Amino acid sequence: MTTTTYPQVLTRRMTEHPADSHTLARYEATGGYQQARAAMGMTREQLVETVKESGLIGRGGAGFSAGMKWSFLAPPRPSYLVVNGDESEPGTFKDRQLLERDPHQMIEGIIIASVANEVHEAFIYIRGEYPKPARRVQHAIDEAYAAGYLGDGIFGSDYQLDVTVHLGGGAYICGEETALINSLEGRRGEPRLKPPYFPAAKGLYMLPTIVNNVETVSNLPHILEMGADAYKALGHDKDTGTFLFSVSGHVKRPGNYELPHGITWRELIFDIAGGMLDGRELKAWIPGGASAPWFVPEEHLDMPITKDDCGQAGSMLGSGAVIVMDDSTCMVKAAERVVRFFAHESCGQCTPCREGTTWMQQILARIEEGHGRAVDLDLLLDVSDNISPGLAWPPKMTTICPLGPSAVSPVTSLAKYFREEVEAHVTEGRCPLG
Amino acid sequence: MADLVKITVDGKEIEVEAGTPVIDAAIDNGTYIPHFCHHSRLEPVGLCRMCLVELETPRGMVLTPSCTLPASEGQVIHTKTPVVDKAQEGVLEFLLINHPLDCPVCDKGGECPLQDQTLGYGPGESRFVEEKRHFEKPVPVSDLVLLDRERCILCSRCVRFAEEVAGDPLIEITARGNQAHIETFPDEPFSSYFSGNTVQICPVGALTATAYRFRARPWDLRKVESTCPHCTAGEAIEIDASQNQVLRFNGIDADATNQGWLSDKCRFGFEFIGSAERLTVPLVRDGDGFRESTWAEALDLVAERLGAVIESRGGEAVAGFGGARGTNEDAYAFSKFMRAVVGSNHIDARMDDAPAAELLAAVQPRATIGDLDTASTILLWGPDLKEEAGTLYLRVRQAVQKRGAKLVVVHPRRTGLDDRATWKFTYRPGTGFGTLEAFASGAGDFAEARKALDEGPVVAVVGLTGMTEDPTLATAVAAFAAGLPDAKILPVARRSNTFGALDMGCAPGLLPGRVSFGDADAVAAFEAAFGAVPDHAGLDTSGMLEGLANGDLAAAVLVGADPVRDVPDGALARRALEAADFVVALDLFLTDSSSLADVVLPAEGFAEKEGTFTNLEGRVSKVNRIVAGPGQTQPDWSILEEIARRMGRPMGFDSAETVAEEIATVAPAYADLRWRDVERKKPEGVLLDGGWYTPKAPAGPDVDADMVLHLARTLYDDGVAMRQSLSLHHLAPGGVAYLHPGDAERLGVTEGDQVVVVGSAGEATLPVRFDPSLPAGVVYVPFNQAGVPSLGAGAAVEVRSA
Amino acid sequence: MSWSPETVARAERIMQRYPERRSAVMPLLYLSMLEDGYLTDDGMREVAEWTGLTPVQVKSVASFYGMFKLRYTGKYLVSVCTSISCMLRGADDVMAAVEDEAGVPHGETDDDGVIAVEHVECIGACGGAPAVQVNYELIEGITPEQARDLVRWLREEQPDKIVADDLQERFGGTRSFDWAIRETEGAVGPFPAFGPYGTVAEEDRS
């Protein structure tokens, strides 16, 4: 086994200083807050341009340019910055590491993003099931206030910036940016209609709002430090910078790995994550979070990991959550578990998602229990088609947001690669894997 | 008005206002798009996904809901592609998988959008073999509305109506996803005055009305359009009846008036029509009671007794009360009867509870309800609209909430619109003139609000804030408003067809068609038409009651009037009717007043006769017949004509339409207005102008007393129509004295204790409730509640611990 | 109404953090849970007063989210993740062990009112699967046997405070990422422990 070492950017401090990477002292001793200080002397245009230049793609999974997102921000002020720390998609656990282990990195990013967008009020929305990361962030915020990096007159300027941590209440859908805004307004976390409620124009309290993911914001100090070109060079073509992969499932070394785009799936699964558990074979993996259509070794193992390659193969890199399944896995059960997640997390606004995801979960559970019928897979596909017409990726939707269509991916993946396994459940009246 | 744009729907080019939801544009132009959550009077939300269409874009066809798609120039929309058909079929299947198949016992069956669209677009058979979702059913969400959660499709129309339109967010979706359902909070029901609208707009049978549940099948119903008989806003309604029973009122979307909405009083207050207590035969006094008689005997007796009074004391010894509960035609006949047959100008449709008749009937410049939609500032100095003019309340609310109009509310206590008011001023009853003077000068706290009124357009909604207020205060407020640079006045008063009755001359100083006694030429014209008209204005209701009580007057004619319950000094009304030599009452019921009469004649009621109503804007709309009156009932105009003939002065009417014809001929403001003209403009009716009255500012004294009384009406009370509508009567607040906690402390009482309120004309012992919105030194007592003696209209009162 | 002066003062501070008072609904719901142990009708009425909503509007929000418990969920809420990554690493067996040892199925609280059991969707510990939380404090790399030990320990010890790092050390195994920072703050009830909300032990309140 050969493991190439790749440059670490976001995770470097926590790797080198595991005992105190979360403290202000360590953060400043390793160059922290210099970029925020520098940003105070830059114009909004300079900052937005630098981020645009860097090609930084939002790390929330939607794959949109962060700099472009900023440039859409419409007058009038006040504007808000909301940092999305509602990480909840099965397989994803990287924001938790960034929040717990290097909170000042994110706070410095918040200062830079706020200055760039003339924001004086920022909120960090952290999922309720992350109390420990929230505590770490709050301690870091308290340190930053005490040091004069947050509050009135930051870094001795006349700029005021307040940051508030807001805990979620247990709802995956709040990771969707408009649902998150509703939640922060004290409403049900239901996605808003886009148009007209694009956050950059009508966001929090109907005012212009930037919603950026934790990892996205954490990248900002590094972009300013190394410059847009150097940051770009870390990446691969259009996928600039490094990327955090969360690898879980049947591999020897699950974990978060900071890597450049462009390595292959084989390298990620077999070299970096240590390969399959002893005596087991790779059966399939989910490449980009639970909503992504699945990949299989026969077709995808030597594919380079880039946004475009994943897209062309009918799936996505999304949030970089890679869930690896070995040959002991019942694919019907795996699909049921993923669909169950989306059914459970459906906000219930749109009929197709509210009714369809639960129906699909019920059918899959029935097949898994050995009560499937020959018509069930086609029924599943047709129900899927009524949520996501044409079953294409990226999906068409009969719904407001992509949650419903996300539940379709396991079903189309089953039909594409594991039809025989499904049929065996039906004909044998039980799971063929025992 | 927004710009017009051209869009193409299924190959047909249509022109619509920019921003109109495409679904409305398509449907208005003949292309039906199925939908459940969309309602053109609610904000679009795009939840049910039934109205999906395909929109041509540079990136190809995009599937999008048409309810959330605002029309813009050049859009090309397809509503019937294979993709659209498939998606809609899918949505219907999703909605049906958990929907019970209880259509045969569901109230909505037969008029159910889900049922209809399943027939049109749905799957032939169910592919769903799992177990359906179950909920407890049905559960009451209010006294009037029941919820069946299994039928609910979570379109959120009820929730949105409650929050967006009614301003009563008491019904909500709770839980999430597949478990989401509609709920009210424990011990806090959806007790909105407008709850019934949710039943009407529910696209399935999830919300049903207790008053209608299981009463009829839609296909057995006969329907007729009409106008609401309760409020003065002229709400367009549809009356549903079966087997000669009125079973339901529904609102009709008339843009100018109610836009489809009704208050629960209007919606469920139909029950009195079919009440078992209705009078069906003439009654003639027999000792302390009545005996039934024939029409001939009763009419002869009335003619003889009235004739005797007129002969001995003159026509001006006869007082006429009422007219507001019937049609314009009935009111005209009453007006003519009093002037031409009896020879008296003592006639009043107001029950000593309304502003000046000239202000109500002929103020200028007069606003329409629709003017609220464009007003930059609305001044509301009058009744709590939520209690007294429900749909007008909704319209003001909408102007503020949706459009950001500024709202100034001046009232003695909290009102339903306070949460939307830009400025709210509270004052003690009896200090209205001083308050107005300070307000008009823009002194102190009034400065900003006063300034807002200088920028038009302003609509001033003017009426009496309560019954202890000097009625001329409303005239003074109107005079102030008339002096603003760009303001119009919308006068409000309560009770059914009050505005129509005043227009027909049921007022001591007005003749039909808004003619003043000061206009000699017009009065002369009436002399020609009526034969004779008294040469001076008569007495108003309180004057007539005093005259009867002290013997100056000798006889009374009550036409749908119940002064004992309706005037602030009910005891005076009782004394007056008891003192009178002769009283004849035309009524639906034996009321506290008609039971004091010598002869009671059974009248036809609402939905039993045809005619017109006039609303508070001066808008004339039709009322129509759908059931026959019970027993031997007759319409008012016909009864009055019969009496007139027996008195030797026939009025010349042989049908309601002949009355209407005479109105169109002789009443100036109604010149040439015929039923067919009104029908042609339905559901909105015909807006009349003809205002001539520019209010002059009277000054009045302020009342100086330690405690003053605020006596105001509530939506539900002990009036006869409410008493006979069993679904609603128990919702009245009952007798209660509201006190500021500080006053209560001073009096040594707390909530639930009894106090005695000694008014100008009577006293009542009432339980105390706190109302911190009251100014100090004010006791608020809801008017006309069961078992509460009348207190009188005087502002100064005494309150003491009982 | 019934909130302690300290909670009232905290609610006031929270309200100041938000431009519009409705935004404070979720933090105040946690405060209410701290006061009553779970979200009572009176608690929701109180939050409604603070935020200018009707009680049913508050309930509509509260019931949307999984962590606002509308009924009593024990002193210790044991949440077993059974989403895909944990399931692949044996979460169903962990869940079965917890249910068996606690004696109650998913969604229920034991008769003594000590332990409530639920299976939950992903809690962001996929790299340390399978994972459970006790009052939202995380234990990663847990086996069914360790899960039984955990439930027994909770029942016997009934600690006042649940500290993730202690639990991880006692009952956990492989973690999602290295952990070299020990923390002493922890949960005091079935709601997330967070200083600004006061939902932590008294000595840890900020």
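Residues numbered from 1 in each chain as written. Chains lettered and ligands numbered in written order. Predicted model: local features only at pLDDT ≥ 70, side-chain atom pairs only at ≥ 80, totals over all residues. Heavy atoms only, no water.

## Side note on the overall build of chain C
Put simply, the test is: The numbering of helices and of strands both runs from the N terminus, where a helix is a DSSP run of H or I of at least 4 residues and a strand a run of E of at least 2. Burial classification: accessible surface area is computed with a 1.4 Å probe over protein chains only, and a residue below 20% of its type maximum counts as buried, one above 50% as exposed, and the rest as partly exposed. For the accessible areas, the method is Shrake-Rupley and the probe is 1.4 Å, while residue cover comes only from the protein chains on display. Charge counting follows a simple rule: Lys and Arg are positive, Asp and Glu are negative, and His as well as the terminal groups are ignored. A charged residue contributes its charge at one atom only: NZ of Lys, CZ of Arg, CG of Asp or CD of Glu.
Along the backbone of chain C there are 8 helices and 5 strands. The order of α-helices and β-strands along chain C, N terminus first, is α-α-α-α-β-α-α-β-β-β-β-α-α. The principal-axis extents of the C-alpha atoms in chain C amount to approximately 50 × 35 × 30 Å. Across the 206 residues in chain C, those meeting the buried criterion constitute 65%. Within the structure as shown, chain C displays about 7,200 Å² of accessible surface, and the carbon and sulfur contribution to it stands at 44%. Once the 19 positive and 36 negative side-chain charges of chain C are each reduced to a mean point, those two points are 4 Å apart.

## Quick notes on the pattern of salt bridges
The following threshold applies: Here a salt bridge means any side-chain nitrogen of Lys or Arg lying within 4 Å of a carboxyl oxygen belonging to Asp or Glu.
If you walk through the whole model with that rule in mind, you get 103 salt bridges over all chains. When the shortest N-O distance is used, the salt bridge between A:Asp382 and B:Lys86 registers 2.9 Å. Within this pair, whereas A:Asp382 is found in helix H16 (residues 376–387), its partner B:Lys86 is found in helix H2 (residues 82–97), the two belonging to separate chains. With a shortest N-O distance of 2.9 Å, C:Arg148 and C:Asp100 are connected by a salt bridge. You can see C:Arg148 sitting in helix H7 (residues 144–157) and its partner C:Asp100 sitting in helix H6 (residues 91–102), a full 48 residues away along the chain. Three or more residues are tied together by salt bridges with common partners; here these are A:Arg96, A:Glu100, A:Lys132, A:Arg136, C:Glu140 and C:Asp165.

## Thoughts on the pairing of strand S1 (residues 76–81) of chain C
Remark: a regular strand shows side chains that alternate across the two faces of the sheet. Residue and element names in this part refer to chain C. Selection rule: Pairing between strands is defined by DSSP: at least two bridges between them are needed.
Among the 6 residues of S1, 6 are classified as buried, and the element is accordingly described as predominantly covered. Burial of S1 is two-sided: the residues Tyr76, Val78 and Val80 facing one way and the residues Leu77, Ser79 and Cys81 facing the other way are all buried. Across 6 bridges, the pairing between S1 and strand S3 (residues 115–120) is parallel. Each bridged residue has a counterpart across the sheet, and for cysteine 81 the counterpart in S3 is valine 120. With 3 bridges joining them, S1 and strand S4 (residues 131–134) adopt antiparallel strand pairing. Directly across from valine 78, in S4, lies its bridge partner valine 134.

## Regarding empty space enclosed by the protein
Quick reminder of the rule: Buriedness for pockets is judged along seven lines, at least five of which must meet protein on both sides within 12 Å for an open set on the 1 Å grid over protein atoms alone, while cavities are sets there where a 1.4 Å probe fits but cannot get out, and lining residues have an atom within 4 Å of a point. Grid points are joined across faces, edges and corners, and a volume is the space filled by probe spheres set on the points. Amino acids outside the nonpolar list (Ala, Val, Leu, Ile, Met, Phe, Trp, Tyr, Cys, Pro) and the charged list (Asp, Glu, Lys, Arg) are all regarded as polar, and Gly is one of them.
Inspection of the entire model under this criterion finds 18 cavities of 30 Å³ or more. When its volume is computed, the largest cavity comes out at roughly 320 Å³. Residue lining of the largest cavity: 26 residues in total, with B:Phe272, B:Arg325, B:Leu588, B:Gly605 and B:Phe606 positioned closest to the centre. Partitioned by chemical class, the residues of the lining of the largest cavity number 14 nonpolar, 6 polar and 6 charged. Around the second largest cavity, the lining comprises 23 residues; the ones closest to its centre are A:Arg96, A:Glu100, A:Lys132, C:Leu138 and C:Glu140. Contributing elements (two or more residues each) for the lining of the second largest cavity: helix H6 (94–101) and helix H8 (131–146) of chain A together with strand S5 (137–140) and helix H8 (164–171) of chain C. Residue composition of the lining of the second largest cavity, by class: 10 nonpolar, 2 polar and 11 charged.

## Overview of helix H10 (residues 214–233) of chain A
The cut-off we apply is this: An expected span of 1.5 Å times one less than the residue number is assigned to each helix. A residue's bend is simply the angle between two axes: one fitted to the seven residues ending at it, one to the seven starting at it.
Spanning 20 residues, H10(A) covers only 22 Å between terminal C-alpha atoms, well under the ideal 28 Å at 1.5 Å per step. Helix geometry: H10(A) is bent most strongly at A:Gly227, by close to 110 degrees.

## A closer look at the environment of B:Pro21
Residues and elements named next belong to chain B. To be explicit about the condition: Here, two residues are considered to be in contact whenever any of their heavy atoms come within 4.5 Å of each other.
Counting through the fold element by element, proline 21 comes out in the loop between strand S2 (12–17) and helix H1 (22–28). On the accessibility criterion, proline 21 (18% relative accessible area) is buried. For proline 21 and serine 72, which are 51 residues apart along the polypeptide, the C-alpha to C-alpha distance reads 9.6 Å. With sequence-adjacent residues up to four places away left out, proline 21 is seen in contact with His38, Ser66, Cys67 and Leu69.

## Some details on the packing of aromatic side chains
The relation between two aromatic rings is expressed through the spacing of the ring centres and the mutual angle of the planes. The criterion, for reference: Only the six-membered ring of Trp is used, alongside the rings of Phe and Tyr, when aromatic pairs are assigned; centres must lie within 6.5 Å, and planes under 30 degrees apart are stacked while those over 60 apart are edge-to-face, with the rest tilted. Only when the NZ of Lys or the CZ of Arg is both within 6 Å of the ring centre and within 35 degrees of the ring normal is a charge said to sit over the ring.
The full count for this structure, using the stated rule, is 43 aromatic pairs over all chains. Aromatic side chains A:Tyr27 and A:Tyr33 sit 5.1 Å apart centroid to centroid with 75 degrees between the ring planes, which places their arrangement in the edge-to-face category. In this pair, the class of A:Tyr27 matches that of A:Tyr33, namely buried. Chaining the aromatic ring pairs together yields one cluster made of B:Trp381, B:Phe425, B:Tyr427, B:Phe439, B:Phe446 and B:Phe480. Over the ring of B:Tyr212 we find B:Arg248, and its NZ or CZ is 4.4 Å from the ring centre. Note that B:Arg285 overlies the ring of B:Phe290, its terminal NZ or CZ placed 4.6 Å from the centroid.

## Details of helix H19 (residues 419–428) of chain A
Residues and elements named next belong to chain A. What counts, and what does not: The arc refers to the directions leading from the helix axis to the C-beta atoms.
Burial in H19 covers these residues: Glu421, Val422, Ala424 and His425. All buried residues of H19 fall inside an arc of 155 degrees around its axis, so they share one side. Facing away from the buried side of H19 by over 90 degrees, the exposed positions are Glu420 and Thr427. Within two residues after H19, glycine 429 carries a phi angle of roughly 70 degrees, on the positive side.

## A few points about the interface of chain A and chain C
Threshold: Here the quantity called buried area is the accessible surface, traced with a 1.4 Å probe, that two parts lose on coming together, added over both. N or O atoms within 3.5 Å of each other form a polar contact, as long as, within protein, one can give a hydrogen and the other can take it, and as long as residues adjacent in sequence are counted only when both atoms are side-chain atoms.
Contact with chain A, which involves 72 residues of that partner, is made by 53 residues of chain C. Contact between chain A and chain C buries roughly 5,000 Å² in total, counting both sides, with carbon and sulfur atoms accounting for 56%. Interface area lost by chain A to chain C is led by A:Arg135, A:Arg188 and A:Arg337, which between them contribute 13%. Scanning the region where chain A abuts chain C turns up 7 salt bridges. At the junction of chain A with chain C, the criterion picks out 35 residue pairs in polar contact (both at pLDDT 80 or more). Considering only residue class, the side of chain A that touches chain C consists of 30 nonpolar, 23 polar and 19 charged.

## Some words on the environment of B:Gly560
All names here are of chain B. In this structure, glycine 560 sits in the loop between strand S25 (555–559) and helix H18 (563–566). Looking at glycine 560, the relative accessible area reads 22%, which means it is partly exposed. Linking glycine 560 and glycine 605, residues 45 residues apart in sequence, is a C-alpha distance of 9.5 Å. In this structure, glycine 560 is in contact with Arg325 and Leu586, ignoring residues within four places of it in sequence.

## Looking at the interface of chain C and chain B
Across the boundary between the two partners, chain C contributes 13 residues, which contact 15 residues of chain B. Buried area between chain C and chain B, summed over both chains or domains, comes out near 1,200 Å², and the portion from carbon and sulfur atoms is 58%. Linking C:Lys59 and B:Glu183 is a salt bridge whose minimum nitrogen-to-oxygen distance equals 2.5 Å. Inspection of the region where chain C meets chain B yields 7 residue pairs in polar contact (both at pLDDT 80 or more). Where the side of chain C that touches chain B is concerned, the elements lending two or more residues are helix H3 (41–51) and helix H4 (55–62) of chain C. At 5 residues, H4(C) tops the list of elements feeding residues into the side of chain C that touches chain B.

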